[in-house]
Amino acid sequence: MTNSASLEFIDTHAHLNDPQFANDREQVISDAQRNGVSTFVNVAFSESLWQSAIELNDRYPSVLYTLGIHPNSAEEWSQDAGTRLVEVARRSSPVAIGETGLDYYWDRVSRITQMASFDEQLSIAGQLDLPVIIHMRGDVEADLRQIVGVHPRVRCVFHSFDGSPELFAWVIERGWVVGVGGLMSRRSAKNLRELLSTAPLDQIVLETDSPYLAPTGWPEKRNTPSAIPIIANHLSRLRGDNLETVSSITTATARRAFALDRTAPVVRMPSESSAGQKT
């Protein structure tokens, strides 16, 4: 098997300022780098996490960050919070807004509040020309498509995708990308694996959701970015692609999706004919 350290990977979704990393964060980052993970997207999903994410990037430049408010924290959202999000984003360098979206599985926050927070964060992403990391869980697809459909030119990254074939086709058709992590390795994820087996590889990015969602074959309960090569191997075996191909294409897609290279082409956008349509 190819030594993953000779390849390059990007973990497009981790929570490195989570308290579970308080005692060994530097070691976690260096271990992942030794396993070929060159870049991390640290997702700051609550206003209380924004400053620590920025400070973590100051200390570790390879740990990039996003700014947003998670649907399960959507009660934090207000017009003032939106103003602060824009202000912080403009004076710092986030690579995306989010994670935001809808979560009807836990239903901790009213659906109306979640939808308002999601819609306004999509507007901010469009205003700032940043992609959005989308969280979706539960029976959210109809509401999600309606809200995203109002913002057809915002670039979307669907975190830990686990939706229907219809939603998957809708995402792929628009040139957006799906995040693939430990979920796809679980026995219960047969339908997801079927979708990923034939999806365009250049619309897939790798993620860990560390410290959560450890993949099958990971020896710890706590997930870390060092699991990215394991996730890549699962995807490689599923699709019949070699690991080098999975590494190079998913890394290029991550760089494109988050505009990490100025010379990289942007993610394909909807055509003019479909851009104004609601779905």
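The following refers to the structure shown.

What to know about the pairing of strand 4 (residues 96–103)
Counted residue by residue, strand 4 has eight buried out of eight residues, so it is predominantly covered. Note that strand 3 (residues 63–67) and strand 4 share two bridges and pair parallel. Pairing of Leu 67 across the sheet is with Ile 97, part of strand 4. Note: strand 4 against strand 5 (residues 132–137), five bridges, orientation parallel. From the neighbouring strand, Thr 100 faces strand 5, where its bridge partner is Ile 134.

Considerations on the side chain of Ser 62
Looking at the element boundaries, Ser 62 is found in the loop between helix 2 (47–59) and strand 3. A relative accessible area of 17% places Ser 62 in the buried class. Reaching out from Ser 62, the side chain makes a polar contact with the side chain of Gln 33 at a distance of 3.3 Å. Those residues within four positions of Ser 62 in sequence are excluded, and the remaining contacts are Gln 33, Ser 38, Thr 39 and Phe 40.

Comments concerning the sheet that holds strand 8 (residues 204–206)
Spatially, the eight strands line up as an open sheet ordered 1-2-3-4-5-6-7-8, and their pairing is parallel. If you trace the sheet from one side to the other, it starts and ends with strand 1 (9–14) and strand 8, each paired once. Within the sheet, the average angular offset between the axes of one strand and its neighbour, ignoring direction, is 30°. Strand direction decides the pairing type here: strand 7 (residues 177–180) and strand 8, joined by three bridges, are parallel. The residue of strand 8 that forms the bridge with Val 180 is Leu 206. Against the sheet, helix 5 (residues 141–149) engages strand 4, strand 5 and strand 6 (156–158), with an angle of about 160° to strand 5. Across the sheet, helix 9 (residues 243–257) is in contact with strand 1, strand 2 (37–44), strand 6, strand 7 and strand 8; its angle to strand 1 comes to roughly 55°.

So, the packing of aromatic side chains
Applying the stated criterion across every chain, the model contains five aromatic pairs. With centroids separated by 5.0 Å and ring planes inclined at 85°, the aromatic side chains of Tyr 105 and Trp 106 adopt a geometry described as edge-to-face. On the basis of relative accessible area, Trp 106 is assigned to the partly exposed category, the value being 42%. Taken together, the aromatic side chains of Phe 158, Phe 161, Phe 168, Trp 170 and Trp 176 make up a single cluster linked through ring pairs. In this structure, Arg 108 packs its charged tip against the face of Trp 106, placed 4.6 Å from the ring centre.

Quick word on the packing of helix 7 (residues 190–198) against helix 8 (residues 228–239)
Packing of helix 7 against helix 8 brings their axes to within 9 Å, and their N-to-C directions diverge by 75°. The angle between the axes of helix 7 and helix 8 places the two elements in the roughly perpendicular class. When helix 7 is examined against helix 8, the residues Arg 193, Leu 196, Ser 197 and Thr 198 are found in contact with a partner set consisting of Leu 235, Leu 238 and Arg 239. Its residues assigned to classes, the contact of helix 7 with helix 8 shows three nonpolar, two polar and two charged.

Some points on helix 2
Turning to helix 2, its buried residues are Leu 49, Trp 50, Ala 53, Ile 54, Leu 56 and Asn 57. One side of helix 2 holds all its buried residues, which, seen down the axis, span an arc of 160°. Looking at helix 2, the residues exposed on the side facing more than 90 degrees away from the buried face are Ser 48, Asp 58 and Arg 59. Tucked inside the fold, the buried residues of helix 2 contact helix 1 (25–34), strand 2, strand 3 and helix 3 (79–91).

Some remarks on the side chain of Asn 42
Assignment of secondary structure puts Asn 42 in strand 2. Residue classification places Asn 42 among the buried residues on the basis of a relative accessible area of 0%. Those residues in contact with Asn 42 that sit more than four places away from it in its chain are Ala 14, His 15, Leu 16, Asn 17, Ala 53, Leu 56, Val 63, Leu 64, Tyr 65 and Thr 66.

About the criteria used
Residues numbered from 1 in each chain as written. Predicted model: local features only at pLDDT ≥ 70, side-chain atom pairs only at ≥ 80, totals over all residues. Heavy atoms only, no water. Buried < 20%, exposed > 50% of the residue type's maximum accessible area, 1.4 Å probe, protein only. Helix = DSSP H or I, 4+ residues; strand = E, 2+ residues; numbered from the N terminus. Pairing = 2+ DSSP bridges. Polar contact = N/O pair within 3.5 Å; in protein donor to acceptor, adjacent residues only side chain to side chain. Contact = heavy atoms within 4.5 Å. Axes fitted to C-alpha atoms, helices over the stretch in contact; angles between N-to-C directions. Phe/Tyr/Trp six-rings, centres within 6.5 Å; stacked < 30°, edge-to-face > 60°. Lys NZ or Arg CZ within 6 Å of the ring centre and 35° of its normal. Parallel < 35°, antiparallel > 145°, perpendicular 65-115°, else oblique. Nonpolar A, V, L, I, M, F, W, Y, C, P; charged D, E, K, R; others polar. Arc of directions from axis to C-beta.

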